[in-house]
Amino acid sequence: MAETVEQVGLEWDTPLFLTARTQFEQALPYASVPDRIAERLRYPERATMCSTPVQMDDDTWRVFPAYRVQHSSVLGPTKGGIRYDPHVTLGECAALAMWMTWKCALLRLPYGGAKGGVRCNPRDMSPAELQRLTRRLTSEMMSVIGPQEDIPAPDMATDEQTMAWMMDTYSMQKGYAVPEVVTGKPISIGGSLFRAEATGAGVVMVTQRACQRLGRPLGDQSCVVQGFGKVGSVAAEELVACGAKVVAVSDVSGGTYNPAGLDLHEVTDWVHEHRHDLIEYPDGESVTNEELLELPCDVLVVAALEEQLTEENAGDVKAALIAEGANGPTTLEADQIFAERGIPVLPDILTNAGGVTVSYFEWVQDLGRLFWSRDETRFKLRDMMTDAFDRVWHLSEEQGLTLRNAALVAGIREVAGALTARGIYP
Ligand code: NAD
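Let us look at the structure shown here. (Residues numbered from 1 in each chain as written. Predicted model: local features only at pLDDT ≥ 70, side-chain atom pairs only at ≥ 80, totals over all residues. Heavy atoms only, no water.)

Describing the sheet that holds strand E1 (residues 46-55)
Ordered in space as E1-E2-E4-E3-E5, the 5 strands form an open sheet in which the pairing is mixed. Because the sheet does not close on itself, it has two edges, and the strands there are E1 and strand E5 (150-154). Strand-to-strand twist across the sheet, computed as the mean angle between neighbouring axes with direction ignored, equals 25°. Relative to strand E4 (residues 112-119), strand E2 (residues 61-70) is paired through 5 bridges, and the arrangement is antiparallel. For Arg68, the partnering residue across the bridge sits in E4 and is Gly116. (Pairing = 2+ DSSP bridges. Helix = DSSP H or I, 4+ residues; strand = E, 2+ residues; numbered from the N terminus. Axes fitted to C-alpha atoms, helices over the stretch in contact; angles between N-to-C directions.)

The structure is reproduced here in structure tokens:
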């Protein structure tokens, strides 16, 4: 007898994609989605894989695998980051693309989810090599990206410069400037004010709102932040700006801990001088990333990468509130343990949505060729994050759901409602 699709398993069926799929299944009973719509949404619409040849500085050539997965175009163009990381796989991109769909829908942005990446070690590559990789990648992906099709943005180890190279390569092939093809660009070529800070600032806007609801003002909390990149470093600064104490931060090398509170200006200067060596920061106690997650604190912000809070360490986490700056940092088993321990987890699709929200603002500004002030952008972001948080909190109380399930249900309902109205083509 012929095997069914489910029995064979598809190429993206990795543990991370199965986590994303299981979260979807767990939320479905509360979302009232017709079976045919649920079945459609279990699969990404399209996955592209290519190989990217790059001439290295020593004149050798290397070929890097690259992926772009587009999960849903029901609400509009797909949107999602591009990461450069040695662990990128098709399944990782598929999981992150699915989460992007729920995230955009939860924030009521007219987008679906996508994610892409190149399997490479960016720390071992020079800026010239990264530029050649990015330009060739953009050429390979010309037919699947575009301002009305799929709009990339920065993610792990990619930044404004990467987006500038992508925008330039795309524009040169079109013959005119197309700033709206990517977001997270430098201001000089159509980037939005406040985009660089948006994800980290959004994490803190959500955390602050949650603290208010829980009756524990953020200004009284001591916080630990894992990841000191684009998200974690801004989140740490914003926490301090709200009066909270940041007692530990980490990067890939490990972390530094000072129960009296870290001086973040000094830490930042140190990081800029000693690229990625936070564990050696002299004015704190050195801790590994594993130890950092179990330090005594009120709020733990996980802003590095996926699968950090697991069955092994969830029982030892001391924080009273967890904020997910990264995508997928908590495994299903850890989620269950936190629910049993009564530790609320502010879920990624809500908490780190500030980045894609200001990316949406950037795209709108680029399309209209009319630009907003920093204050206006920050104000609009707070409005949208607060509205999404309040809807999630309300649904969670009304239906007795964890905040993650409530956020998923809210996002899934938006997409499912639109797909039901449109119908599945033909
Ligand atoms: P980044 O590359 O700027 O920073 C990542 C940080 O994590 C760095 O400090 C790095 O040293 C650290 N890190 C890497 N590997 C680690 C490991 N094994 N253990 C501990 N720390 C490690 O990336 P980013 O943009 O800050 O993204 C961080 C997370 O936030 C990712 O999950 C990303 O998908 C998510 N995210 C980013 C944005 C955005 O706007 N940048 C938006 C939404 C979600």
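Thoughts on the environment of Asn289
Mapping Asn289 onto the fold places it in helix H10 (residues 289-293). A sequence separation of 38 residues divides Asn289 from Asp251, and the C-alpha atoms of the two residues are 7.9 Å apart. If near-sequence neighbours (up to four positions away) are discounted, Asn289 is found in contact with Gln226, Ser250, Asp251, Val252 and Gly254. Only 2.9 Å separates the side chain of Asn289 from the backbone oxygen of Asp251, close enough to count as a polar contact. (Contact = heavy atoms within 4.5 Å. Polar contact = N/O pair within 3.5 Å; in protein donor to acceptor, adjacent residues only side chain to side chain.)

Side note on the packing of helix H7 (residues 195-214) against helix H8 (residues 230-241)
At a minimum axis separation of 7 Å, H7 and H8 run at an interaxial angle of 55°. Considering their axes alone, H7 and H8 lie oblique with respect to each other. As H7 runs across H8, the sense of the crossing is right-handed. In contact with Ala196, Glu197, Thr199, Gly200, Ala201, Val203 and Val204 of H7, H8 contributes Lys230, Val231, Val234, Ala235, Glu238 and Leu239. Broken down by class, the residue content of the contact of H7 with H8 amounts to 8 nonpolar, 2 polar and 3 charged. (Parallel < 35°, antiparallel > 145°, perpendicular 65-115°, else oblique. Left-handed = near helix turned anticlockwise from the far one by under 90°. Nonpolar A, V, L, I, M, F, W, Y, C, P; charged D, E, K, R; others polar.)

Let's talk about the pattern of salt bridges
Scanning the model with the defined rule gives 23 salt bridges in all. Between Asp390 and Arg213 there is a salt bridge, with the nearest N and O atoms lying 3.3 Å from each other. A residue pair is termed long-range when its members are at least 10 positions apart, and Asp390 in helix H14 (residues 374-399) and Arg213 in helix H7 qualify at 177 residues. Arg213 sits in the partly exposed class, given a relative accessible area of 41%. In this structure, Asp348 and Arg404 form a salt bridge, with 3.6 Å as the shortest nitrogen-oxygen distance. Taken together, the residues span a long stretch of sequence, with Asp348 in helix H12 (residues 348-351) and Arg404 in helix H15 (residues 403-422) at a distance of 56 residues. Of the two residues, Asp348 and Arg404, both sit in the buried class. Taken together, the shared-partner salt bridges connect Arg83, Glu92, Lys115, Asp155 and Glu306 into one network. (Salt bridge = Lys/Arg side-chain N within 4 Å of Asp/Glu carboxyl O. Buried < 20%, exposed > 50% of the residue type's maximum accessible area, 1.4 Å probe, protein only.)

Some thoughts on the environment of Gln26
Mapped onto the fold, Gln26 is located in helix H2 (residues 15-31). In this structure the C-alpha to C-alpha distance between Gln26 and Gln161, which are 135 residues apart in sequence, comes to 39 Å. Excluding anything up to four places from it in sequence, Gln26 contacts Leu332 and Asn405.

Some words on the sheet that holds strand E9 (residues 285-287)
Read across the open sheet, the 7 strands follow the order E9-E8-E7-E6-E10-E11-E12; overall the sheet is mixed. On the outer flanks of this sheet lie E9 and strand E12 (345-346), each paired with one strand and no other. Of the strands in this sheet, strand E10 (299-302), strand E11 (321-324) and E12 touch H7, which is tilted by about 155° from E11.

Structural notes on the site of the ligand
Taken together, 23 residues form the shell around the ligand, and within it Asp155, Thr199, Lys230, Val252 and Asn327 come nearest. Within the side chain of Asp155, a nitrogen or oxygen atom sits 2.9 Å from an oxygen atom of the ligand. Between the ligand and Ala157, the relevant distance is 3.1 Å, taken from an oxygen atom to a main-chain nitrogen or oxygen of the residue. Relative to its unbound accessible area of 830 Å², the ligand is 86% covered by the protein chains. Secondary-structure elements contributing two or more residues to the shell around the ligand are H7 and H8. Residue composition of the shell around the ligand, by class: 9 nonpolar, 9 polar and 5 charged. (Near = heavy atom within 4 Å. Areas by Shrake-Rupley, 256 points an atom, 1.4 Å probe, with all protein chains shown as cover.)

Scope: geometric values only; no functional claims are made or implied.
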